[in-house]
Amino acid sequence: MAECEGGAASATRGRGGRLVPIRVRREQSVPELEPEPEPESESELIEMTHAPLTPLDAAQGLLVGLAAGDRNRGPIQMCLALAESIGRTGSYDPASVLQSYREWWSEGEGEDAWDTGPTTAAVLLETTSGCTVDIAEQAAMDLDKKLGGLTAGANAAHRVLALALARGCLRSGTELADAARQESRLTHWSTISQHTCAVLCHIARGVLEGRSLEACMAEALAMEASLAPDEPTVCQPLRELLGGETTQSDLRNDGFCPHVRPAQSAFLSLTSPQGET
C-alpha cells in the first residue's frame, strides 16, 4: 500500500446547509492513542504550542487546512477521492482517480457535486461513466481550445495536494511533478494549471518533510525552469510573497489557480502561532 498520510474524518455542509461526512477510508486499523496531558503552566503551554510537527500532524493539517479554505466543499471532496484512490490502488492511477471522481459526481447528483467549478463540470458533462483517461484529456483539451486557454481554475490546484502525501509511491520530485501535471490534465488542460499543480505539490512535499514554508517557496522559485517552464505567471506570486510585496488586501478570490498560493500563505499566517508557518 502506498504511504498516503492523514486520514481524519470530519464533516462539511451539503445542500441546504446540512452536515455531510467527508471521509478518508483506511485499509488498516488505527491504534487508539492516549490523550495528551493538559499543560500545567503557561510556559509548558507555549512549549507544546511550538513543538515540531510530526509528518502525521503536517499531513492532517494539509487536509484540514484545505477543508477550512474551501468555501463550497467540492474541491476537498475531490481531494479526498484522490487520496482514497491512491490508498486503494497503492499508486497514482489516473484511470482509478477519474472513476472515483465520476462516482462522487454521480452525474451531477452527488453530495456537493454542484461545486466542481465550471471547468471540471464541463469536462464531466462531456464524458461518460467508464470513459478512459485519453477521452477525458481530449475533452479537457477541447474545452481549453474553445475557451482560448482559460481553463486555469483553482479546482485542480486544490485537489492535487493529496499527491504530496503519497510519498510511498511518488518518491522523487520528478515523479511528483509529472503526476501533478497529469492530474490537472484530467480536467484542466491549461499549462498554467498543470505547472501550478507541480509547484504547489513541490512546496507541500517540502513542508511535509520538515522544511519551512519560506524555504520551500524559495526552492520552487529556484526550480522555476523545470517546474513551470515558459509560464512566468505561475511563479510570479512566489516572487511577490518572498519579496514582501503581497499583503492581505492583495489577495484575490477570482478562481485563477496561481492566486491559490498567496491565499494559502495568508491563511497560514493568520492561523499559526505568532504568525509562524
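Residues numbered from 1 in each chain as written. Predicted model: local features only at pLDDT ≥ 70, side-chain atom pairs only at ≥ 80, totals over all residues. Heavy atoms only, no water.

## Focus on the overall build of the protein
Rule in force here: Numbering of helices and strands starts at the N terminus; helices are DSSP runs of H or I of at least 4 residues and strands are runs of E of at least 2. By the convention used here, residues are in contact when the closest approach between their heavy atoms is within 4.5 Å.
A tally of regular secondary structure across the protein gives 14 helices and two strands. Long-range contacts, defined as pairs at least 24 residues apart, comprise 65% of the intrachain contacts of the protein with a sequence gap of at least 6.

## Topic: the side chain of Thr196
Where we set the bar: Throughout, exposure labels follow a simple rule: accessible area from a 1.4 Å probe, protein chains only, divided by the maximum for the residue type, with under 20% read as buried, over 50% as exposed, and the rest as partly exposed.
Within the secondary structure, Thr196 is located in helix α10 (residues 191-208). By relative accessible area, which is 4% here, Thr196 ends up buried. When neighbours within four sequence positions are excluded, Thr196 is seen to be in contact with Ala157, Val234, Cys257 and Pro258.

## Side note on the pattern of salt bridges
What counts is decided by this rule: Any Lys or Arg side-chain nitrogen located within 4 Å of an Asp or Glu carboxyl oxygen qualifies as a salt bridge.
Here the structure, examined in full by the defined rule, presents six salt bridges. Note that Arg185 and Glu137 form a salt bridge whose closest N and O atoms lie 3.5 Å from each other. Of this pair, Arg185 sits in helix α9 (residues 173-185) while Glu137 sits in helix α6 (residues 133-146), and the two are 48 residues apart along the sequence. Close ionic contact of Arg239 with Glu224 constitutes a salt bridge, the shortest N to O distance being 2.9 Å.

## Digging into helix α5 (residues 118-126)
Quick reminder: α-helices carry 3.6 residues per turn. Residues three or four places apart thus point the same way. Among the residues of α5, those classed as buried are Thr119, Thr120, Ala121, Val123 and Leu124. Looking at the packing, one finds that the buried side of α5 touches α3 (74-89), α4 (94-105), α6 and α7 (155-159).

## Topic: the environment of Thr127
Note the following rule: What qualifies as a polar contact is a pair of N or O atoms within 3.5 Å, subject to a donor-acceptor requirement within protein and to the restriction that residues adjacent in sequence count only when both atoms come from side chains.
Checked against the element boundaries, Thr127 lands in the loop between α5 and α6. As for Thr127 and Gln138, which are separated by 11 residues in sequence, their C-alpha atoms are 9.7 Å apart. Contact partners of Thr127, with chain neighbours within four places excluded, come to Arg102, Ile135, Ala136 and Ala139. From its side chain, Thr127 meets the backbone oxygen of Val123 in a polar contact 3.1 Å long. Within the structure, Thr127 has its side chain in polar contact with the backbone oxygen of Leu124 (distance 3.3 Å).

## Examining the nonpolar core
As a reminder, the rule being used: The set of buried Ala, Val, Leu, Ile, Met, Phe, Trp, Tyr and Cys residues whose side-chain atoms join them within 4.5 Å is what this entry labels a nonpolar core.
One finds Leu82, Tyr92, Leu163, Leu170, Val199 and Ile203 to be the most contacted residues of the largest nonpolar core, which totals 61 residues. The element best represented in this core is α10, accounting for nine residues. Those residues in contact with Tyr92 that lie beyond four places of it in its chain are Leu82, Ile86, Val97, Leu163, Cys169, Leu170, Ala179, Gln182, Glu183 and Leu186.

## Some thoughts on the confidence of the model for the protein
Spelled out, the test is: How sure the predictor is of each residue is captured by pLDDT, a score from 0 to 100.
Confidence in the prediction of the protein, expressed as mean pLDDT, is 77, and 70% of residues score 70 or more. Of all helices and strands in the protein, the one with the weakest mean pLDDT is strand β2 (residues 19-22) (38), whereas α9 scores best (97). Low pLDDT (under 50) marks residues 1-33, which in the prediction has 69 contacts with non-local residues, meaning those over four places away or in another chain. Every residue in residues 273-277 is under pLDDT 50, and counting partners more than four places away or in other chains gives 11 contacts.

## Focus: the environment of Ala140
If you trace the backbone, Ala140 turns up in helix α6. A relative accessible area of 0% places Ala140 in the buried class. Not counting chain neighbours up to four residues away, the residues in contact with Ala140 comprise Val123, Arg185, Leu186, Thr187, His188 and Trp189.

## Re the packing of helix α11 (residues 213-222) against helix α13 (residues 232-242)
For any two helices packed against each other, the geometry comes down to the angle between their axes and how far apart the axes lie. Counted only if it meets this: Between N-to-C directions, angles span 0 to 180 degrees; the directions come from axes that are lines fitted to C-alpha atoms, helices contributing only their stretch in contact. Orientation categories follow fixed angle ranges, with anything under 35 degrees roughly parallel, anything over 145 roughly antiparallel, 65 to 115 roughly perpendicular, and all other angles oblique. By convention, the crossing between two helices is left-handed when the near helix turns anticlockwise from the far helix through less than a right angle, and right-handed when the turn is clockwise. Nonpolar residues are Ala, Val, Leu, Ile, Met, Phe, Trp, Tyr, Cys and Pro. Charged residues are Asp, Glu, Lys and Arg, and all others, Gly as well, are polar.
Across the interface, α11 lies against α13 with an axial gap of 10 Å and an inter-helix angle of 135°. As judged from the angle between their axes, α11 and α13 are oblique. Crossing of α11 against α13: the hand is left-handed. On α13, the residues touching Glu214, Met217, Ala218, Ala220 and Leu221 of α11 are Cys235, Leu238, Arg239, Leu241 and Leu242. Residue classes in the contact of α11 with α13 are distributed as eight nonpolar, no polar and two charged.

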